[in-house]
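Report on the structure
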Amino acid sequence: MKHIFKIVAILVAISAIWVALLETSTVPRSYTWLLPIYLVVALGCYGLFMVGFGLMFFPTCPQEAILLQQDIVEAKEFLAKKGVDMGSE
Amino acid sequence: MEAAAGGKRAYSIIVPTYNERLNIALIVYLIFKHLPDVNFEIIIVDDGSPDGTQDIVKQLQQVYSEDRVLLRARPRKLGLGTAYLHGLKHASGEFVIIMDADLSHHPKYLPNFISLEECVFFNRVLSLTRKQKETGADVVTGTRYVKNGGVHGWNLMRKLTSRGANVLAQTLLQPGASDLTGSFRLYKRDVLEDLISSCVSKGYVFQMEMIVRATRKGYHIEEVPITFVDRVFGISKLGGSEIVEYLKGLVYLLLTT
Ligand SMILES: Nc1nc2c(ncn2[C@@H]2O[C@H](COP(=O)(O)OP(=O)(O)OP(=O)(O)O)[C@@H](O)[C@H]2O)c(=O)[nH]1
Ligand SMILES: [Mg+2]
């Protein structure tokens, strides 16, 4: 099933529940009307939270840059000795 | 030297290059350093780099022999996606590894990719239970966004876009891998052939499409943490329309997978 259909299906299901709530008015209507807004806000919060969280704990590796520099020196030395043109960049 | 000159290799490492004169030499050295006992070949797909990348490759062939370092050049810049396909045509390995030449993919992680594949392979050989058989990994993909992985050299803006893009994709697309746009991967040969033939995207959306399609097709994907140091030498080929391309790719994948 194309993924978009899954998303649409979920949206349809949610709307169906919402309409049912409106029709049966188990909860006061004024509350029900606000539910979609809550949902959007909740989704937004989830997104912001996930991005913020990911940003805060973004894995970095400054050590690797240093190690790489060492590898580069080592490689250049070896290759130059073998006659590979390492230029003078 | 090699007994089976020109014979079949276990692993084919495809490295596309465009103006990677210095980097290609370094990466070839590092691959040989980190895979001393592995039967592999390096297939360099160079798109007529004006900086003389191919001259360096020829010199490397003198050092490491032409059977292990293969130059499969194309006349002009024809893009990454087709570069992989071109390399694949000349690959003799049962497994194919794809990596960038710009040293942001460090060859020291190759043994991790391979041991994961081998361990999975033994599982399959044993195949004691059906379940065990099913643990076979078809794709091993490098991921930067987990413990022991990481990125170096990105500013805050780049990190923010990356996180935003990732949350968006994970929520909407459920791609089955934590690092969508990374291109440090190992594939079983036939799986790669199958995936490439069903992918149409260009640029790095291509990497995304490959892994999402792999998930949808039910291939088993394993992840290996890798660190990613942004390119030191040479110029980046990424344009400014990166984000737009990404969003288009996301919509495309939502509609087609
Ligand atoms: N054969 C071939 N290789 C290419 C082409 N474009 C890029 N490459 C190579 O593909 C790899 C990845 O390209 P990069 O320029 O590093 O792209 P990136 O990693 O998304 O971006 P930066 O690292 O920021 O530049 C490198 O090894 C390039 O040399 C192409 O058109 N043809
Ligand atoms: Mg790069």
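About the cut-offs
Going along each chain's sequence as written, the residues are numbered from 1 onward. To read the labels, note that chains go from A and ligands from 1, taken in the order they are written. Side-chain atom pairs in this predicted model are given and counted only at pLDDT of 80 or more, local residue features only at pLDDT of at least 70, and totals for whole chains, interfaces and linings cover all residues. Side-chain descriptors were evaluated using all non-hydrogen atoms of the structure, hydrogens and water having been removed beforehand. UniProt positions are given in the numbering used here, feature names are shortened, and annotations may be inferred rather than shown by experiment. In this description a helix means any DSSP run of H or I spanning at least four residues, a strand means any run of E spanning at least two, and both kinds are numbered starting from the N terminus. Between the two quantities, the radius of gyration covers C-alpha atoms and the globule rule is 2.2 Å times the number of residues to the power 0.38. Categorising residues by exposure relies on relative accessible area from a 1.4 Å probe, with only protein chains included: less than 20% of the type maximum marks a residue as buried, more than 50% marks it as exposed, and the intermediate range marks it as partly exposed. Surface accessibility follows the Shrake-Rupley procedure with a 1.4 Å probe radius. Residue values consider only the protein chains on display as shielding. Under this rule, positive means Lys or Arg and negative means Asp or Glu; His and the chain ends count for nothing. Taken as the charge centre is NZ of Lys, CZ of Arg, CG of Asp or CD of Glu, depending on the residue. Note on geometry: axes are C-alpha line fits, over the in-contact stretch for helices, and angles between N-to-C directions span 0 to 180 degrees. Roughly parallel refers to an angle under 35 degrees, roughly antiparallel to one over 145, roughly perpendicular to one between 65 and 115, and oblique to any angle outside these ranges. Crossing handedness is defined as follows: a turn of the near helix away from the far one that is anticlockwise and smaller than a right angle gives a left-handed crossing, while the clockwise case is right-handed. Contact between two residues is taken to exist if any of their heavy atoms lie within 4.5 Å; hydrogens are not considered. The classification used treats Ala, Val, Leu, Ile, Met, Phe, Trp, Tyr, Cys and Pro as nonpolar, Asp, Glu, Lys and Arg as charged, and all other residues, Gly among them, as polar. In plain words, nonpolar cores are sets of buried Ala, Val, Leu, Ile, Met, Phe, Trp, Tyr and Cys residues tied together by side-chain atoms within 4.5 Å. Two aromatic rings from Phe, Tyr or Trp, using only the six-membered ring of Trp, form a pair when their centres are within 6.5 Å; if the ring planes differ by under 30 degrees the pair is stacked, by over 60 it is edge-to-face, and anything between is tilted. In this scheme, the term charge over a ring applies when either NZ of a lysine or CZ of an arginine sits within 6 Å of the ring centre and within 35 degrees of the ring normal. Once two parts are brought into contact, the accessible area they lose, counted with a 1.4 Å probe and summed over both, makes up the buried area. Here a salt bridge means any side-chain nitrogen of Lys or Arg lying within 4 Å of a carboxyl oxygen belonging to Asp or Glu. Counted as a polar contact is a pair of N or O atoms within 3.5 Å, where, for protein atoms, one must be capable of donating a hydrogen and the other of accepting one, and residues adjacent in sequence contribute only when both atoms are in side chains. In this analysis the probe radius is 1.4 Å and the grid spacing 1 Å, with only protein atoms considered; a cavity is a set of points the probe fits into but cannot get out of, a pocket is an open set with protein on both sides within 12 Å along at least five of seven lines, and lining residues have an atom within 4 Å of a point. Grid points are joined across faces, edges and corners, and a volume is the space filled by probe spheres set on the points. Note on definitions. A residue lies near a molecule or strand when any single heavy atom of the residue is within 4 Å of it.

- The name given to chain B in an unreviewed UniProt entry is Dolichol-phosphate mannosyltransferase subunit 1, with Dichanthelium oligosanthes as the source organism.
- Per UniProt, chain B carries the Catalytic activity (unreviewed entry) text "a di-trans,poly-cis-dolichyl phosphate + GDP-alpha-D-mannose = a di-trans,poly-cis-dolichyl beta-D-mannosyl phosphate + GDP".
- Note on chain B: under the UniProt heading Sequence similarities (unreviewed entry), the record states "Belongs to the glycosyltransferase 2 family."

- The name given to chain A in an unreviewed UniProt entry is Dolichol-phosphate mannosyltransferase subunit 3, with the source organism recorded as Dichanthelium oligosanthes.
- UniProt, in its Subcellular location (unreviewed entry) section for chain A, records the words "Endoplasmic reticulum membrane".
- UniProt, in its Subunit (unreviewed entry) section for chain A, records the words "Component of the dolichol-phosphate mannose (DPM) synthase complex."

1. Focus: the overall build of chain A
- Along chain A, the regular secondary structure elements total three helices and zero strands.
- Its helices and strands in sequence order give chain A the pattern α-α-α, from N to C terminus.
- Against the compact-globule benchmark of 12 Å for 89 residues, chain A has a radius of gyration of 28 Å, which places it well outside the compact range.
- Seen through its C-alpha atoms, chain A measures out along the principal axes to roughly 85 × 30 × 15 Å.
- Burial statistics for chain A: of 89 residues in total, 20% are counted as buried.
- Within the structure as shown, chain A displays about 6400 Å² of accessible surface, and the carbon and sulfur contribution to it stands at 73%.
- In chain A, which carries 6 positive and 7 negative side-chain charges, the distance between the mean positions of the two groups comes to 14 Å.

2. Re the packing of helix H7 (residues 189-198) of chain B against helix H8 (residues 205-216) of chain B
Residue and element names in this part refer to chain B.
- As a packed pair, H7 and H8 sit with axes 10 Å apart at the nearest point and diverge in direction by 120°. Judged on the interaxial angle alone, H8 and H7 are oblique. Of the two possible hands of crossing, H7 and H8 adopt the one that is right-handed. Listed contacts from H8 to Leu-192, Leu-195, Ile-196 and Ser-198 of H7 are Phe-206, Glu-209, Met-210, Arg-213 and Ala-214.
- Taken together, the residues that form the contact of H7 with H8 break down as six nonpolar, one polar and two charged.

3. What about the nonpolar core?
Residue and element names in this part refer to chain B.
- Core analysis: the largest hydrophobic core is formed by 48 residues, its most contacted members being Ile-13, Ile-24, Val-28, Ile-31 and Leu-60.
- With ten residues, the single largest contributor to this core is helix H1 (residues 21-34).
- Beyond its immediate sequence surroundings of up to four residues, Val-28 is in contact with Ile-42, Ile-44, Leu-60, Tyr-64 and Val-69.
- Membership of the second largest hydrophobic core comes to 33 residues, among which are Ile-98, Ala-177, Ala-214 and Leu-253.

4. Describing the packing of aromatic side chains
All names here are of chain B.
- Counted according to the given criterion, the structure contains twelve aromatic pairs over all chains.
- Ring plane angle 55° and centroid distance 5.0 Å describe the contact between Phe-32 and Phe-40, whose orientation is recorded as tilted. For the pair Phe-32 and Phe-40, a shared accessibility class is recorded, and that class is buried.
- Lying over the aromatic face of Phe-40, Arg-68 brings its terminal NZ or CZ to 4.5 Å of the ring centre.

5. Focus on the interface of chain A and chain B
- Contacts between the two partners involve 34 residues from chain A, matched on the other side by 45 residues from chain B.
- Where chain A abuts chain B, roughly 3300 Å² becomes buried across the two surfaces, and 72% of that area is made up of carbon and sulfur atoms.
- Considering only the side of chain A, the residues that lose the most area to chain B are His-3, Phe-58 and Leu-68 of chain A, jointly responsible for 19% of the buried surface there.
- For the pair chain A and chain B, the number of links is three salt bridges.
- Among the ionic pairs, Glu-64 of chain A bridges to Lys-108 of chain B, the shortest N-O distance being 2.6 Å.
- For the interface between chain A and chain B, the tally reads 15 residue pairs in polar contact (both at pLDDT 80 or more).
- Secondary-structure elements contributing two or more residues to the side of chain A that touches chain B are helix H1 (3-24), helix H2 (29-56) and helix H3 (62-81) of chain A.

6. Details of the UniProt feature "domain: Glycosyltransferase 2-like" (unreviewed entry) in chain B
- Sites flagged by UniProt as "domain: Glycosyltransferase 2-like" (unreviewed entry) map to residues 12-114 of chain B.
- For the annotated span residues 12-114 of chain B, helix accounts for 40% and strand for 19% of the residues, and the straight-line distance between the end C-alpha atoms is 12 Å.

7. Observations concerning the layout of surface pockets
- By volume, the second largest pocket is sized at about 560 Å³.
- Lining the second largest pocket are 19 residues; nearest its centre among them are Leu-43 and Tyr-46 of chain A together with Leu-168, Thr-171 and Leu-172 of chain B.
- Secondary-structure elements contributing two or more residues to the lining of the second largest pocket are H1 and H2 of chain A together with helix H6 (156-173) of chain B.

8. Points about the site of ligand 1
Residues and elements named next belong to chain B.
- Not every one of the 17 residues close to ligand 1 is listed here, only the nearest: Glu-20, Asp-47, Ala-101, Asp-102 and Arg-231.
- In this structure, an oxygen atom belonging to ligand 1 sits 3.3 Å away from a main-chain N or O atom of Gly-79.
- At a separation of 2.8 Å, an oxygen atom of ligand 1 approaches a polar backbone atom of Ala-101.
- Starting from 630 Å² of accessible surface for ligand 1 in isolation, the protein chains cover 90%.
- Contributions of two or more residues to the shell around ligand 1 are made by strand E1 (11-17) and helix H3 (80-89).
- When the residues that make up the shell around ligand 1 are grouped by side-chain class, the tally is seven nonpolar, three polar and seven charged.

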